[in-house]
Amino acid sequence: MPRVLPRPRNSYGPHEGSGPPDPSGPLAAVRRRYEDGMGWPTAPTEPLELLTGVRFDVLEMPAGAGSAVLRRWPLLGPVALLRPGGDANRPGNRPKLLVLVAPGGAEELPGILEWLEWGALAGDLTARGAGGRMPAPAFPFGPSSPAAFGSWEAAVWVRPPRTGHEAENSLPATGFGTGIGDGGGVPDLVRLVSAAATECHRARLLRARNAQSDRVCGDQALAFSNASRMSAGTRPRSLTL
């Protein structure tokens, strides 16, 4: 009796069909746009994902809080909108704003929050760094551009990156000479985290007031931290946030 061999395993990922990706298809075109045009590495998956921790890290916050941050800094970017349920790796029922920051920002986030005395109060402010991924957002092209494909349906650029590699030069970072104050340009990472944590907590207070809060975080879930009081000018600190 002839021996029946099992079918070979698909080496192109669980969602990419039984053969290699079509080099002329929309997924390949998007991948080339990111890898060749932007210099941003992508994961060999479908839906298409960008690798974080290489050319950039990501601060992730509720869309409502993120909108307030964007109004404060009109030049902050790149920024993407993640639709509800758009990321299978991080399920959620609320839209999120993904703000690109300099590599290493995700690792610095917990220390910055502790220094600002936020602690666990800013639970809605998270980060994606080395070893992480984010859905590849759609570019705001015209109707003749390729249709939404894969994770294009999950995320879209609100403030798209500039072409070439210069986009990373304006990403919020820490260190001497990085960023500015509240003049409307690009802030440094500490000022960005301070504003984002304040707006995340403000949004949580609003949800609690409307009986929509899904959890209580810490012993002072309905109290602003010292960081927000510093921002309001009611507590002295050498750095004006």
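Novice: I tried to follow the pairing of strand β3 (residues 57–62) on my own but got confused; where do I start?
Specialist: Among the six residues in β3, six count as buried, and that is most of the element. Bridge analysis of β3 against strand β5 (residues 96–101) gives six bridges, and the strand direction is antiparallel. The partner of D57 across the bridge, within β5, is V101. Across three bridges, β3 lies against strand β6 (residues 126–128) in antiparallel orientation.

Novice: Looking at this structure, how should I read the packing of aromatic side chains?
Specialist: Geometry of an aromatic ring pair is reported as the spacing of the ring centres plus the angle between the planes. Overall, the coordinates contain three aromatic pairs when judged by the stated rule. Measuring from centroid to centroid gives 6.2 Å for Y34 and W40, while their planes differ by 15 degrees, and the two rings are stacked. As far as the burial class goes, Y34 and W40 line up, both buried. Put simply, the rings of Y34, W40, F56 and W157 touch in pairs and so form one group of aromatic residues.

Novice: Just checking my understanding: could you explain helix α1 (residues 26–38) for this structure?
Specialist: Side chains of residues three or four places apart in an α-helix project in the same direction, reflecting 3.6 residues per turn. Given a rise of 1.5 Å per residue, 13 residues ought to cover 18 Å, and the 17 Å separating the end C-alpha atoms of α1 matches this to within 8%. Every buried residue of α1 is listed here: L27, A28, V30, R31, Y34 and M38. The secondary structure elements touched by the buried residues of α1 are β1 (42–43), β2 (49–51) and β8 (155–159). Taken from the residues just after α1, G39 is the one with a positive phi, measuring 75 degrees.

Novice: Before we go on, may I ask you to explain unusual backbone geometry in this structure?
Specialist: Glycine aside, residues mostly have negative phi angles, and peptide bonds mostly take the trans form. The omega torsion of the bond from E46 to P47 falls at 5 degrees, within 30 degrees of zero and hence cis. Examined against the element boundaries, P47 turns out to sit in the loop between β1 and β2. Cis geometry marks the peptide bond from G77 to P78; its omega dihedral reads 0 degrees. Residue placement: P78 occurs in the loop between α2 (63–72) and β4 (79–82). The phi dihedral of E117 is positive, around 65 degrees, even though this residue is not glycine. Note on placement: E117 falls in the loop between α3 (105–115) and β6. What makes E117 partly exposed here is its relative accessible area of 30%.

Novice: Teacher, can you tell me more about the pattern of salt bridges here?
Specialist: A side chain with one charge may pair with a side chain of the opposite charge, provided their charged atoms come close. Taken as a whole and judged by the stated rule, the model has seven salt bridges. Residue D188 is joined to R191 by a salt bridge in which the shortest nitrogen-to-oxygen separation is 2.4 Å. Of the two residues, D188 and R191, both sit in the buried class. Salt bridges sharing partners connect three or more residues here, namely E60, K96 and R128.

Novice: What should I look at first to understand the environment of G85 in this one?
Specialist: Tracing the chain through its elements places G85 in the loop between β4 and β5. Along the sequence, G85 and P95 sit 10 residues apart, while their C-alpha atoms lie 8.1 Å from each other.

Novice: Please explain the nonpolar core as it appears in this structure.
Specialist: One broad rule of soluble globular proteins: the nonpolar side chains tend to lie buried together. Among the nonpolar cores identified, the biggest contains 29 residues, and L59, M61, L113, L125, L192 and V193 are the most heavily contacted of them. Broken down by secondary-structure element, the contributors of at least two residues to this core are β3, α2, β5, α3 and α4 (189–209). By residue number, the principal contributor to this core is α4, which donates eight residues. Residue contacts for L59: discarding those within four places in its chain leaves L97, L98, V99, V101, L109, T126, A127, L189, L192 and V193. In this structure, Y34, W40, L98 and F139 belong to the second largest nonpolar core, which totals 21 residues.

Novice: How should the sheet that holds β4 be read in this particular structure?
Specialist: What links the strands of a sheet is backbone hydrogen bonding, and the strands pair in either a parallel or an antiparallel sense. Strand order across the open sheet formed by five strands is β6-β3-β5-β4-β8, with antiparallel pairing between neighbours. With one partner strand each, in any of the chains shown, β6 and β8 form the two edges of the open sheet. With strand direction ignored, the average angle separating the axes of adjacent strands in the sheet is 30 degrees. Strands β3, β4, β5 and β8 of the sheet are contacted by α2, whose axis makes an angle of about 115 degrees with β3.

About the criteria used
Here the residue numbering is sequential within each chain, running from 1 through the sequence in written order. Confidence filtering applies because this is a predicted model: local features only for residues at pLDDT of at least 70, side-chain atom pairs given and counted only at 80 or more, and all residues used for totals across whole chains, interfaces and linings. Note that water and hydrogens are dropped before the side-chain values are worked out from all heavy atoms of the structure. For the exposure calls, accessible area comes from a 1.4 Å probe over protein chains only, and a residue counts as buried if that area is under 20% of its type's maximum, exposed if over 50%, partly exposed in between. Going along the chain from the N terminus, every DSSP run of H or I of four or more residues is numbered as a helix, and every run of E of two or more is numbered as a strand. Following DSSP output, two strands are said to pair if at least two bridges run between them. Any two of the Phe, Tyr and Trp rings considered here, Trp counted by its six-membered ring, make a pair once their centres fall within 6.5 Å; the pair's planes then place it as stacked at under 30 degrees, edge-to-face at over 60, or tilted in between. By this rule the span expected of a helix is its residue count minus one, scaled by 1.5 Å. Only heavy atoms matter for contacts: two residues are in contact if any of them lie within 4.5 Å across the pair. Here, a salt bridge means any side-chain nitrogen of Lys or Arg that lies within 4 Å of a carboxyl oxygen of Asp or Glu. Put simply, buried Ala, Val, Leu, Ile, Met, Phe, Trp, Tyr and Cys residues joined by side-chain atoms within 4.5 Å make one nonpolar core. Only the contacting stretch of a helix is used when fitting its axis, a line to C-alpha atoms as for every element, and angles between N-to-C directions run 0 to 180 degrees.

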